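# Chain and residue survey
Each chain, written out:
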Amino acid sequence: MICSLNEIEALARKAARGGGMSWGLAEETGKAVRWLSANGFPGPQLLAELLCQNDGKPYCDLAPQQSEGIWHARSGPLCPIVAGTLICDRAEDLETEAALRLGEVAVPLLLLPFASEAARTVGSTVILEWRGMCFGLDGGAPKVRGEEAALGVARVSSVALSLAGAQALGQVWTGAGRHVTCDTMEVLESFAQRTYAPATEESRAGAGAGQDND
C-alpha cells in the first residue's frame, strides 16, 4: 500500500514507543522514518526490522560509550536511533577529527537521516560508509555508491562518518519509499498497539451512543 508521509511518521512514532523507546527517541524515530521514506528508502520496513531485533531489550543498555576512539553499545549492537542522536550531537567534531567511528550497528540505513542533519549542521557534505556502501549527504537528496544488496543489511560490524573531501559521491538514490507491505504494516501496528490503554469496565460503560432525551 502507498502511505502518506504523515501516516508513516505517526505510525513509526507509536511503534517505536510501543517497542520500548522513550517519547524523545520515538519522536526522533518518526522523523527519521519519514525522511527515509521521502528519499526513496523503505523506512517502515527498516524500523520493523529494528524493533524486532530490540524487542525486550532495555534501551539504557544500548547507550553508546567510547573505547579507543570507537563508539559501542553497552550490550549488543548500537541502536541506529540512539547512535543517530550521538551523530547529531557531535557533528561539529567532524571539522577537527578524521572521522566519527561506530562499532557494530543494527539496521545501519536508519543512520542516514541523522548524518544528513549533521551535514546541515556543519554546512558541508559528509560521507557515511560501511562495508559495501557509501553515502554522500549534504542535507538534500542522498547520493549512493556501492552494492545495492548491502542496503538492507540487518547489522554491520563498523560504520564511519567523515567530511566528504574529494571523494566521489555516487548517484542520487531513487526508490518507492512510501510503499509499505502488509507484513511491515502488521509488525508496526502490533508494536503501536502496546501504547494503547487496556479497556476497563468504566471505559466500556462510557462507549457508544448516549441516551437521547429529545
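### Describing the packing of helix H2 (residues 23-38) against helix H3 (residues 43-54)
Packing of H2 against H3 brings their axes to within 8 Å, and their N-to-C directions diverge by 140°. Taken together, the axis directions place H2 and H3 in an arrangement best described as oblique. Residues Thr29, Val33, Leu36 and Ser37 of H2 pack against Gly43, Pro44, Leu46 and Leu47 of H3. The residue inventory of the contact of H2 with H3, partitioned by class, reads five nonpolar, three polar and no charged.

### Focus on the sheet that holds strand E9 (residues 159-163)
Read across the sheet, eight strands follow the order E1-E2-E3-E9-E5-E6-E7-E10 without closing on themselves; strand pairing throughout is mixed. The sheet is open, and its two edges are formed by strand E1 (64-67) and strand E10 (171-172), each paired on a single side. Sitting on the sheet, helix H4 (residues 80-89) is in contact with E1, strand E2 (70-73), strand E3 (100-102) and E9, with an inclination near 170° to E3. Against the sheet, helix H5 (residues 112-122) engages strand E5 (126-130), strand E6 (133-137) and E9, with an angle of about 155° to E5.

### A look at the nonpolar core
Counting residues in each nonpolar core, the largest one holds 62 residues, and the members touching the most others are Leu50, Leu102, Leu112, Leu128, Trp130 and Phe135. Sequence-distant contacts of Leu50, that is, excluding residues within four places in its chain, are made with Met21, Cys79, Pro80, Ile81, Ala106, Val107 and Leu110.

### Some points on the pairing of E9
The buried fraction of E9 is high, at four of five residues. Bridge count between E3 and E9: three bridges; the pairing is antiparallel. By the bridge assignment for E9, Leu100 is matched with Leu161. One ladder, built from four bridges, connects E5 with E9; its direction is antiparallel. If you follow Val126 over to E9, its bridge partner there is Leu163.

Reading guide: rules and limits
Residues numbered from 1 in each chain as written. Predicted model: local features only at pLDDT ≥ 70, side-chain atom pairs only at ≥ 80, totals over all residues. Heavy atoms only, no water. Axes fitted to C-alpha atoms, helices over the stretch in contact; angles between N-to-C directions. Helix = DSSP H or I, 4+ residues; strand = E, 2+ residues; numbered from the N terminus. Parallel < 35°, antiparallel > 145°, perpendicular 65-115°, else oblique. Contact = heavy atoms within 4.5 Å. Nonpolar A, V, L, I, M, F, W, Y, C, P; charged D, E, K, R; others polar. Pairing = 2+ DSSP bridges. Core = buried A, V, L, I, M, F, W, Y, C linked by side-chain atoms within 4.5 Å. Buried < 20%, exposed > 50% of the residue type's maximum accessible area, 1.4 Å probe, protein only.

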